[in-house]
Protein chains: 4
Amino acid sequence: MENLQDLFDKIMGTARNIEEGRVAAYIPELAQVDPSLFSLSMTTLDGTTCSSGDQGCFFSMQSISKAATLCFAIETLGRDKVFSKIGMEPCSEPFNSIMKLEMTSSLPLNPFINAGAIVLTGMFNEQYGSLAIAEIVDFFSRLMGRQTRGSLRINENIYRSEKATADRNRALAYFLHNAGTLSGDVEEALDLYFKLCSIEVNTVDISVMGATLASGGRNPVSGEELLSIDTVYIVCGLMSVCGLYDQSAEFAVEVGIPAKSGVSGGIVCVVPGRMGLGVFSPPLNKSGNSVAGIRALAALSRELKLRGI
Amino acid sequence: MENLQDLFDKIMGTARNIEEGRVAAYIPELAQVDPSLFSLSMTTLDGTTCSSGDQGCFFSMQSISKAATLCFAIETLGRDKVFSKIGMEPCSEPFNSIMKLEMTSSLPLNPFINAGAIVLTGMFNEQYGSLAIAEIVDFFSRLMGRQTRGSLRINENIYRSEKATADRNRALAYFLHNAGTLSGDVEEALDLYFKLCSIEVNTVDISVMGATLASGGRNPVSGEELLSIDTVYIVCGLMSVCGLYDQSAEFAVEVGIPAKSGVSGGIVCVVPGRMGLGVFSPPLNKSGNSVAGIRALAALSRELKLRGI
Amino acid sequence: MENLQDLFDKIMGTARNIEEGRVAAYIPELAQVDPSLFSLSMTTLDGTTCSSGDQGCFFSMQSISKAATLCFAIETLGRDKVFSKIGMEPCSEPFNSIMKLEMTSSLPLNPFINAGAIVLTGMFNEQYGSLAIAEIVDFFSRLMGRQTRGSLRINENIYRSEKATADRNRALAYFLHNAGTLSGDVEEALDLYFKLCSIEVNTVDISVMGATLASGGRNPVSGEELLSIDTVYIVCGLMSVCGLYDQSAEFAVEVGIPAKSGVSGGIVCVVPGRMGLGVFSPPLNKSGNSVAGIRALAALSRELKLRGI
Amino acid sequence: MENLQDLFDKIMGTARNIEEGRVAAYIPELAQVDPSLFSLSMTTLDGTTCSSGDQGCFFSMQSISKAATLCFAIETLGRDKVFSKIGMEPCSEPFNSIMKLEMTSSLPLNPFINAGAIVLTGMFNEQYGSLAIAEIVDFFSRLMGRQTRGSLRINENIYRSEKATADRNRALAYFLHNAGTLSGDVEEALDLYFKLCSIEVNTVDISVMGATLASGGRNPVSGEELLSIDTVYIVCGLMSVCGLYDQSAEFAVEVGIPAKSGVSGGIVCVVPGRMGLGVFSPPLNKSGNSVAGIRALAALSRELKLRGI
């Protein structure tokens with residue numbers, strides 16, 4: 001893997017010098033992050049991890065949590081229940097569009113838009129009550145092979161900030177509740193949603209998560225069987241079609257592998273049968289995706305023929 | 001390849017007995033087709049083809065032509081020109097939505113919706129004038145390795161029927177022309193569009209087209225280098241995100257490989273680095289995709305681990 | 001006015017026998033009302049009032065309050081401030097559409113849709129703080145010539161019910177707050193909005209309100225000058241274009257005078273230079289307007305040539 | 001009427017000096033008009049006409065024809081047939097919106113948007129065949145008291161220009177035809193629509209048309225009974241709610257009487273029971289309405305208390 005480390009270092013070196021994009025600013029905690037941070041990690045199916053850059057640095061999962069949440073949802077509630085209230089369609093509207101909801105009779109188009117993820121946290125609250133957050137954090141920790149590195153933690157500052165500036169998500173949630181799509185207490189569903197967005201990870205964590213999906217459901221670090229193959233197919237299928245907001249098609253062209261991004265600047269990727277990748281660089285393009293992260297993944301995809309050609 | 005033929009025959013046997021879906025009826029020529037026809041073909045990168053079912057039977061390309069058209073467009077006009085008037089975004093609206101056009105300032109979301117494909121035929125007319133159709137049919141023929149099997153033909157009955165019942169596409173085209181997105185004569189752009197939809201192929205043809213993309217641009221039957229790797233990345237990327245109308249995300253979950261469908265009942269698929277697939281069965285689901293075709297592809301995808309897992 | 005009383009009684013007799021429409025059921029307090037109640041009142045510019053039917057019966061103002069609220073808003077905040085955050089456009093969407101808001105960059109189309117009225121209660125809270133409700137109830141009372149009949153009251157049961165079942169309005173309000181259109185505390189703006197909807201009136205009250213507008217701003221019962229002519233022009237102009245939700249154009253055809261309806265079954269009308277009218281009958285059509293109320297007003301409009309012909 | 005002439009001259013003098021707005025430029029024939037032209041006419045119910053400004057000058061009816069067309073449609077086809085394919089709703093979208101049509105299942109919201117008017121010309125072609133234009137021009141001529149002044153004429157240059165630059169209307173028409181809302185030949189329906197838009201009138205003509213509506217249907221110049229009172233109620237009702245495109249509510253506030261505008265710069269007004277008004281000044285605001293025309297009408301409305309107060 002020596003050559004691979006060289007490749008990583010080269011790609012990292014080029015990508016971290018890109019001076020484009022702007023760090024997310026909707027909450028102060030995200031705005032304060034150092035924009036020059038960059039980290040890239042890969043975990044192969046034999047459990048080996050290789051990293052480059054500021055690999056220790058943590059960031060909140062934000063929408064990356066939606067992919068992990070979907071894994072948990074299908075495994076614990078079942079595919080039928082999950083997709084009884086959420087669609088399986090691409091979405092060309094912004095991630096927080098209410099208009100689209102009104103046009104689709106309040107059925108969120110897919111689990112990766114905010115409306116869909118909030119419907120899921122409502123289901124978790126119904127199922128697990130106050131234990132929901134602990135159950136989910138435990139699942140996420142195992143998904144990321146945290147058994148030996150300590151459990152994941154919620155960044156309290158980010159959680160409180162998210163909660164305090166959540167008018168748009170609150171509007172979505174009350175709209176969904178009014179339509180009967182979101183069950184239970186609205187504020188509690190939102191609270192759990194904000195907590196999941198605020199879980200802190202690094203690129204090693206998400207590369208292990210990606211590798212777990214890439215292997216067909218078995219965590220290659222811990223050896224634990226976590227996901228059925230059907231769950232993997234669903235999550236990877238949706239990642240490939242709508243994992244990067246309205247830039248999903250462009251990402252499919254430039255990188256061409258299933259992925260899920262978050263506005264903190266992280267992206268998790270799955271190369272089925274081969275590896276998981278995690279990248280982190282805070283400055284975002286107008287779609288809300290990491291500029292340097294995508295650039296690094298595009299280079300890696302071509303160099304390693306990640307899409308098969 | 002004996003076992004593969006057995007697998008094909010088994011999958012074909014199961015799929016052709018599915019009694020769901022309805023044959024497209026918007027023009028009489030499509031409505032008259034025998035719904036029990038079924039054909040499945042695979043072409044691997046060594047140029048070998050394997051088929052099962054009514055493999056000789058022909059069908060009009062319909063929207064499958066949009067994938068071949070995009071190949072021709074990028075190769076001859078260049079990526080920049082093509083995407084100066086067309087977006088690269090998923091689309092959750094129906095394939096012929098005008099509403100979406102009005103909301104996006106008349107920029108078709110991608111080249112696989114009717115509006116996008118009509119903008120391309122307008123560009124071809126500007127570039128090639130009356131020679132456009134001959135140029136394109138020649139390109140399509142080479143894409144499908146037709147050198148030894150004779151050039152592709154347009155089904156005149158279908159072409160005339162399409163043209164006579166094209167109010168919706170005509171509305172789209174005049175709307176695009178008004179906005180300056182479609183250049184040149186509107187009726188001539190529509191005429192070329194209908195001709196391309198009416199080109200007749202069989203599943204062997206489209207499996208070779210798929211294999212040409214799967215190989216990175218070299219036709220494995222004729223050995224001709226037809227597409228640059230960048231063209232392949234674009235076409236396959238869009239196929240994976242928006243190749244099956246509003247069922248694209250579900251197809252990504254169930255089958256998980258780049259594909260493009262048409263309302264005649266055909267689907268072309270690409271397994272990068274491995275093979276091309278073509279399937280044909282006329283009865284469609286409500287999204288306009290072949291019911292038995294998708295069922296067969298889903299079975300094949302699992303059996304042959306086409307997505308890598 | 002003897003003949004007028006006969007006409008009223010005749011129209012009342014016919015209208016109250018209409019067995020169409022359904023009483024509003026979104027809160028229990030509205031659903032429990034006696035559907036056979038009917039009341040019709042007229043106040044002419046000399047201060048005379050004539051009534052027929054169950055003239056004493058009270059009902060909550062609901063959206064009728066929006067017309068009185070707009071009077072108060074323009075008189076106290078000024079036209080410029082009011083229309084800095086709210087448009088002056090007809091609306092063909094439902095009264096609680098969020099889609100429309102998203103398409104108009106969060107500028108409510110007019111002050112008679114819920115979003116517009118909530119923006120106004122936010123402005124009142126900013127201006128008057130906790131005194132807002134007292135100020136407004138006092139103004140409404142004077143608008144309806146309540147000086148000798150005692151001040152208006154809020155129906156506490158209705159207010160509490162509105163507040164408890166307000167997901168859709170809550171979604172609107174958080175959406176508006178997120179966009180910066182609604183200032184101040186969201187829940188307090190909603191609270192004031194629900195209180196104004198819950199103010200109890202009878203048809204005499206609203207006929208005096210109508211007469212005050214019809215006179216150009218002077219309450220013909222109390223003699224008090226309450227509204228400038230510019231305020232009257234604005235309120236009556238909007239009533240004529242968007243006073244009856246998506247039935248406004250049909251009402252302009254059938255009745256042809258400025259009016260504002262509410263889902264409790266009341267309608268206030270203005271016949272400029274002549275009189276104010278109030279009608280009440282709980283069963284509503286699908287647009288949310290009183291079936292028998294509109295029928296009675298249409299008959300009255302033709303009999304008394306209320307639109308001038 | 002001496003004082004009235006003075007008032008007219010004063011208002012005309014003020015309004016014609018307004019240097020705002022831009023002359024419509026979508027066809028060359030409209031763009032070439034002298035922007036300083038201004039004409040104001042009034043016809044009272046005794047048949048007297050009073051004018052000021054360039055009263056002889058002609059302009060094409062454009063959307064003013066939609067009000068006259070609706071008169072003809074209801075009188076000859078009946079209210080039920082007319083409103084079987086067209087709604088009676090206000091419209092907050094632009095006059096040529098296709099989006100709105102797609103959302104309302106292809107039912108044009110009202111007869112004053114292009115889609116609604118084109119559906120009517122399709123009905124006329126079905127009813128009258130090639131005689132339609134002659135029938136309608138004769139009716140329009142009588143509506144405007146042209147018996148002694150010679151029949152109305154179509155401006156051929158404008159008609160041909162409209163027809164040549166009609167992509168947007170063509171898109172609307174094919175969309176409507178596809179949905180079954182527009183019957184018969186699409187191009188013929190468009191042809192008749194363009195002819196009606198190109199009929200030339202002056203402000204005297206349209207003031208007589210307004211007076212005919214104001215009288216309840218009897219042309220006060222010729223004495224001919226042309227419209228039933230029900231037709232008058234429908235046409236005036238729609239004029240008051242949606243006569244000035246998306247500026248209809250603002251016009252109801254500023255002027256407060258039923259009216260219909262056209263992009264040539266003309267506006268016809270109805271003061272029920274009193275008079276008809278016609279104004280013409282080419283420069284338009286962004287809604288497509290005559291700036292100086294509205295200014296003059298607003299002044300006149302206040303001076304003469306046209307809305308009753």
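Here the structure is a predicted model, which means the values were calculated and not measured. (Residues numbered from 1 in each chain as written. Chains lettered and ligands numbered in written order. Predicted model: local features only at pLDDT ≥ 70, side-chain atom pairs only at ≥ 80, totals over all residues.)

Caption draft 1: Summary view of the relation of the copies chain B and chain A. Under the fitted operation, chain B is carried onto chain A by 0.0 Å of movement along the axis and a turn of 180°, and the coordinates agree to an RMSD of 0.0 Å. The transformation just described matches what one would write down for a two-fold rotation axis. Within chain B, the C-alpha atom positioned nearest to the axis of rotation is that of Val241(B), 2.4 Å from it. Interface residue correspondence from chain B to chain A reaches 100%, placing this contact among same-surface, isologous pairings. (Least-squares fit on C-alpha atoms with pLDDT ≥ 70 in both. Contact = placed C-beta atoms within 7 Å.)

Caption draft 2: Region of interest: the sheet that holds strand E3 (residues 59–60) of chain D. Residues and elements named next belong to chain D. The three strands are arranged E3-E5-E4 in an open sheet whose pairing can be described as antiparallel. Looking at which strands have only one partner, the edges of the open sheet turn out to be E3 and strand E4 (153–154). Note that E4 and strand E5 (residues 199–201) share two bridges and pair antiparallel. For Arg 153, the partnering residue across the bridge sits in E5 and is Glu 200. (Pairing = 2+ DSSP bridges. Helix = DSSP H or I, 4+ residues; strand = E, 2+ residues; numbered from the N terminus.)

Caption draft 3: Just the interface of chain B and chain A, in detail. Counting from both sides, the interface comprises 30 residues of chain B and, opposite them, 30 residues of chain A. Looking at the side of chain B that touches chain A, the elements with two or more residues in it are helix H12 (229–242) and helix H13 (248–254) of chain B. When residues in the side of chain B that touches chain A are grouped by element, the largest group, nine residues, is from H12(B). Its residues assigned to classes, the side of chain B that touches chain A shows 16 nonpolar, nine polar and five charged. (Nonpolar A, V, L, I, M, F, W, Y, C, P; charged D, E, K, R; others polar.)

Caption draft 4: Expanded view of helix H11 (residues 203–214) of chain D. Residue and element names in this part refer to chain D. Relative to the 16 Å expected for 12 residues at 1.5 Å per residue, H11 spans 16 Å between its end C-alpha atoms, a close match to the ideal helical length. With 12 of its 12 residues buried, H11 lies for the most part within the structure. Listing the buried residues of H11 in full gives Thr 203, Val 204, Asp 205, Ile 206, Ser 207, Val 208, Met 209, Gly 210, Ala 211, Thr 212, Leu 213 and Ala 214. Gly 216 sits one or two positions beyond H11 and adopts a positive phi of about 95°. (Expected span 1.5 Å × (residues − 1). Buried ≥ 20, exposed ≤ 12 C-beta atoms within 10 Å, placed from the backbone.)

Caption draft 5: Just the domain arrangement of chain A, in detail. All names here are of chain A. When the domains of chain A are assigned, the result is domain 1 (2–62 + 200–303) and domain 2 (64–197). Here domain 1 and domain 2 have C-alpha centroids that lie 21 Å from each other. Counting from both sides, the interface comprises 36 residues of domain 1 and, opposite them, 33 residues of domain 2. Those elements that provide at least two residues to the side of domain 1 that touches domain 2 are helix H2 (28–31), strand E5 (199–201), helix H11 (203–214), helix H12 (229–242), strand E6 (259–261) and strand E7 (266–271). Of all the elements, H12 adds the most residues to the side of domain 1 that touches domain 2, at eight residues. Here the side of domain 1 that touches domain 2 is composed, by residue class, of 19 nonpolar, 10 polar and seven charged. (Domains from an automatic or database assignment.)

Caption draft 6: Structural view of the sheet that holds strand E1 (residues 39–44) of chain A. Residue and element names in this part refer to chain A. Judged by pairing direction, the sheet is antiparallel, and its five strands sit side by side in the order E2-E1-E8-E7-E6 without closing on themselves. Of all strands in the sheet, those bounded by a partner on one side alone are strand E2 (49–53) and E6. Averaged over all pairs of adjacent strands, the angle between their axes in this sheet comes to 10°, without regard to strand direction. With respect to the sheet, H11 is in contact with E1, E2, E7 and strand E8 (275–280), its orientation differing from that of E8 by roughly 150°. Across the sheet, helix H14 (residues 291–303) is in contact with E1, E7 and E8; its angle to E8 comes to roughly 145°. (Axes fitted to C-alpha atoms, helices over the stretch in contact; angles between N-to-C directions.)

Caption draft 7: Main features of the pairing of strand E8 (residues 275–280) of chain D. Residue and element names in this part refer to chain D. Along E8, six of the six residues are buried, which leaves the element largely enclosed by surrounding structure. Of the two faces of E8, the one carrying Met 275, Leu 277 and Val 279 and the one carrying Gly 276, Gly 278 and Phe 280 are both buried. Looking at chain direction, strand E1 (residues 39–44) and E8 are connected through six bridges and run antiparallel. Following the sheet pairing, Met 42 is matched in E8 by Leu 277. Linkage of strand E7 (residues 266–271) to E8, two consecutive antiparallel strands, is achieved through a turn of three residues, within which Gly 273 is found at a positive phi near 80°.

Caption draft 8: Broad picture of the pairing of E1(D). All names here are of chain D. Most of E1 is tucked away: five of the six residues are buried. Here E1 runs beside strand E2 (residues 49–53); their pairing, made up of five bridges, is antiparallel. When the bridges of E2 are listed, Thr 43 appears paired with Thr 49. From the end of E1 to the start of E2, which pair antiparallel, there are four residues, and Gly 47 there has a positive phi angle of about 90°.

Caption draft 9: Highlighting the packing of helix H3 (residues 64–77) of chain B against helix H7 (residues 132–143) of chain B. All names here are of chain B. Viewed as axis vectors pointing N to C, H3 and H7 meet at an angle of 110°, and their least axial separation amounts to 10 Å. Classified by the interaxial angle, the pair formed by H3 and H7 is roughly perpendicular. In this structure, H3 contributes Ala 68, Cys 71 and Phe 72 to the contact, and H7 contributes Ile 136, Phe 139, Phe 140 and Leu 143. (Parallel < 35°, antiparallel > 145°, perpendicular 65-115°, else oblique.)

Caption draft 10: Main features of the environment of Arg160(A). Residue and element names in this part refer to chain A. Assignment of secondary structure puts Arg 160 in helix H8 (residues 156–164). Judged by the 14 C-beta atoms lying within 10 Å of it, Arg 160 falls in the partly exposed class. The spatial distance from the C-alpha of Arg 160 to the C-alpha of Cys 197 is 11 Å, given a sequence separation of 37 residues.

Caption draft 11: Region of interest: unusual backbone geometry. Residue and element names in this part refer to chain C. For Gln 62, which is not glycine, the phi dihedral falls at a positive 50°. Along the chain, Gln 62 turns up in the loop between strand E3 (59–60) and helix H3 (64–77). The residue Lys 305 is not glycine, and still its phi comes out positive at about 45°. Of the residues examined, Lys 305 has 12 C-beta atoms within 10 Å and is grouped as exposed.

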